[in-house]
There are 2 protein chains.
Amino acid sequence: MKENKKSVETQELILKTAKDIFAQKGYAGARMQEIADAAGINKALLHYYYRSKEKLFDQVFEEAFKKLAGPLATFLADDSELFQKIRNICKHYNNVLMEYPFLPNFILNEVNTDPTRILKLINVEGVMLGKEKTLAQISKAVEDGVIREIDPRELILNIISLSIFPFAGKPIASELLYKNVDYNKILNTRADKVSDFIIQSIKK
Amino acid sequence: MKENKKSVETQELILKTAKDIFAQKGYAGARMQEIADAAGINKALLHYYYRSKEKLFDQVFEEAFKKLAGPLATFLADDSELFQKIRNICKHYNNVLMEYPFLPNFILNEVNTDPTRILKLINVEGVMLGKEKTLAQISKAVEDGVIREIDPRELILNIISLSIFPFAGKPIASELLYKNVDYNKILNTRADKVSDFIIQSIKK
DNA sequence: ACTTTTTTTAACCAAATGGTTAAAAAAAAG
DNA sequence: CTTTTTTTTAACCATTTGGTTAAAAAAAGT
């Protein structure tokens, strides 16, 4: 098993396909045979590259999580002014989730069935550092009287909630609120509105 | 199989136990044997009352969904003034989810793997009627200049996002933002703060 | 006490599933 | 052309899993 061009291509194909299947059915619901079929290869080759279902899943999950957390850390850590930072984060979530709409459900669900998974990943990627910085930034904005009194953690939780839930709850939201409308279009234009909603709420 | 006292008790015990297991592991991840063990009965008795895994799951899911949707419909449909209604809904979600914190993940996940499930349930319970009424109420508030310009559907989606996500994302939020703090306590006092956050954002 | 219902026990089954193996065929690299 | 690597095929295996069955035991109802 050397790293030939074809070999790498196949491994990427497997990973991409596994991502789709795992995202839709979860770890327990996904079938190795199904992944193989969807990738247009056979089960033996699956095990040739990824020894077991769990190893395959771990890799898929880690990549998925990093896709969300990595750039978020960057935004949290940078030096832009608070309102601009909020806009950046909302935009970031929206961009990532438009491309990988399955991420929220996938992560939420697998973290729920095995909460230790998140512990292994959350401390990497510099998320914690960026978070501390942003928390302090919010606190200072409150003290300086730039924004209303609000618990910084609460504000961050609100930002995340407003950014992620509409993707996680897509089937329900589109059925309940946006029937006969292109929900993806709604999501696409949502980032700015969410930012406005948040800033409107905290500004003085 | 008559409806004796003991019989009913057992069926309720099964349902309650199945709820826990399904909530934690999802449909695919749950095992009938596990449910039987957790309920302190044997597998044969499980099938004696609920013929199949799917029938058992359907009942569990329906009850879970109704627990969320039923009272929501009531709040949506009533005649209180908009701001009060927002507070009622936030409070409602918080109350239900404090008691059944697994509901969001459970519903989100199962709806994701089988989106037709929601279609069968969302039209019952008068949710749609209440929703229409509240949408109209919001539109009117905008027209009357009571609140800022906002798409009514967007506002409702924001309310739901802020109310539900903190429960669905509990493992992540508590690890990321509220480490070494009792997250349940945070959730418990959140409803009012969420209402304030929303109202602050839309009021003129 | 007698009857009916509920529950247990334990063996059993068929299908599904993750995973393995070995040999052949196809493709790539040298 | 030869060698090495990748991929397929297909049979195979052990385990898990949902589900069944039948008979006995326990409990409840009368």
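These lines cover the structure that appears in this document, whether it is placed above or below. (Residues numbered from 1 in each chain as written. Chains lettered and ligands numbered in written order. Predicted model: local features only at pLDDT ≥ 70, side-chain atom pairs only at ≥ 80, totals over all residues. Heavy atoms only, no water.)

**So, the pattern of salt bridges**
According to the stated counting rule, one finds 20 salt bridges over all chains in the structure shown. A salt bridge links A:Glu132 to A:Lys131; its shortest N-O distance comes to 3.4 Å. The buried category is assigned to A:Lys131, whose relative accessible area is 8%. The residue B:Glu34 makes a salt bridge to B:Lys25 at a minimum N-O spacing of 3.0 Å. Relative accessible area serves as the criterion here: at 25%, B:Glu34 is assigned to the partly exposed category. (Salt bridge = Lys/Arg side-chain N within 4 Å of Asp/Glu carboxyl O. Buried < 20%, exposed > 50% of the residue type's maximum accessible area, 1.4 Å probe, protein only.)

**So, the layout of surface pockets**
The calculated volume of the largest pocket comes to roughly 480 Å³. Lining the largest pocket we find 23 residues, and of these A:Ala28, A:Gly29, B:Lys25, B:Ala28 and B:Gly29 sit closest to its centre. Of all the secondary-structure elements, those providing two or more residues to the lining of the largest pocket are helix H1 (5-29) and helix H6 (103-113) of chain A together with helix H1 (5-29) and helix H6 (103-113) of chain B. Broken down by class, the residue content of the lining of the largest pocket amounts to 4 nonpolar, 10 polar and 9 charged. (1 Å grid on protein atoms, 1.4 Å probe; cavity = no way out; pocket = protein on both sides within 12 Å on 5 of 7 lines; lining within 4 Å. Points joined across faces, edges and corners; volume = space filled by probe spheres on them. Helix = DSSP H or I, 4+ residues; strand = E, 2+ residues; numbered from the N terminus. Nonpolar A, V, L, I, M, F, W, Y, C, P; charged D, E, K, R; others polar.)

**Focus on the packing of helix H4 (residues 53-77) of chain B against H6(B)**
All names here are of chain B. Contact geometry for H4 and H6: axes closest at 10 Å, N-to-C directions at 120 degrees. When the axes of H4 and H6 are compared, the pair comes out oblique. Taken as a pair, H4 and H6 cross one another with a handedness that is left-handed. Between H4, through Phe57, Val60, Phe61, Ala64, Phe65, Lys67 and Leu68, and H6, the contact on the second element is made entirely by Leu103, Phe106, Ile107, Glu110 and Val111. Considering only residue class, the contact of H4 with H6 consists of 10 nonpolar, no polar and 2 charged. (Axes fitted to C-alpha atoms, helices over the stretch in contact; angles between N-to-C directions. Parallel < 35°, antiparallel > 145°, perpendicular 65-115°, else oblique. Left-handed = near helix turned anticlockwise from the far one by under 90°. Contact = heavy atoms within 4.5 Å.)

**Observations concerning the relation of the copies chain A and chain B**
Once turned by 180 degrees and shifted 0.0 Å along the axis, chain A lies on chain B with an RMSD of 0.1 Å. Such a combination of rotation and displacement between the chain copies is what one expects of a two-fold axis. Taking C-alpha positions as the reference, the residue of chain A nearest the rotation axis is A:Ser201, at 1.9 Å. A share of 100% of the interface residues of chain A reappears at the interface of chain B, consistent with the copies meeting face to face through the same patch. (Least-squares fit on C-alpha atoms with pLDDT ≥ 70 in both.)

**Structural notes on the nonpolar core**
Counting residues in each nonpolar core, the largest one holds 147 residues, and the members touching the most others are A:Leu56 and B:Leu56. With sequence-adjacent residues up to four places away left out, B:Leu56 is seen in contact with B:Ile14, B:Leu15, B:Ala18, B:Phe22, B:Met32, B:Ile35, B:Leu46 and B:Tyr50. (Core = buried A, V, L, I, M, F, W, Y, C linked by side-chain atoms within 4.5 Å.)

**Observations regarding helix H5 (residues 82-99) of chain B**
Residues and elements named next belong to chain B. In this model, H5 (18 residues) spans 26 Å end to end at C-alpha, consistent with the 26 Å of a helix rising 1.5 Å per residue. Those residues of H5 that fall on the buried side of the exposure criterion are Leu82, Lys85, Ile86, Asn88, Ile89, Cys90, His92, Tyr93, Asn94, Val96 and Leu97. Where H5 is buried, its residues touch H4, H6, helix H8 (127-143), helix H9 (152-168), helix H11 (183-188) and helix H12 (190-202). Of the residues flanking the start of H5, the one acting as N-cap is Glu81, its side-chain oxygen 2.9 Å from the backbone nitrogen of Phe83. (Expected span 1.5 Å × (residues − 1). Polar contact = N/O pair within 3.5 Å; in protein donor to acceptor, adjacent residues only side chain to side chain.)

**A look at the interface of chain A and chain B**
The partner chain B presents 50 residues to the 50 residues of chain A that form the contact. Regarding the contact of chain A and chain B, the summed buried area is about 4900 Å², with carbon and sulfur atoms giving 68% of it. Contact with chain B buries surface across chain A, with A:Phe165, A:Leu176 and A:Phe197 losing the most and accounting together for 15% of the total. If you look at where chain A meets chain B, you find 10 residue pairs in polar contact (both at pLDDT 80 or more). Among the secondary structure elements, those contributing two or more residues to the side of chain A that touches chain B are H1, H6, helix H7 (116-122), helix H8 (127-143), helix H9 (152-168), helix H10 (170-176) and helix H12 (190-202) of chain A. Examining the composition of the side of chain A that touches chain B, we find that 13 residues originate from one element, H9(A), more than from any other. A class-by-class count of the residues in the side of chain A that touches chain B yields 31 nonpolar, 11 polar and 8 charged. (Buried area = accessible area lost by both parts, 1.4 Å probe.)

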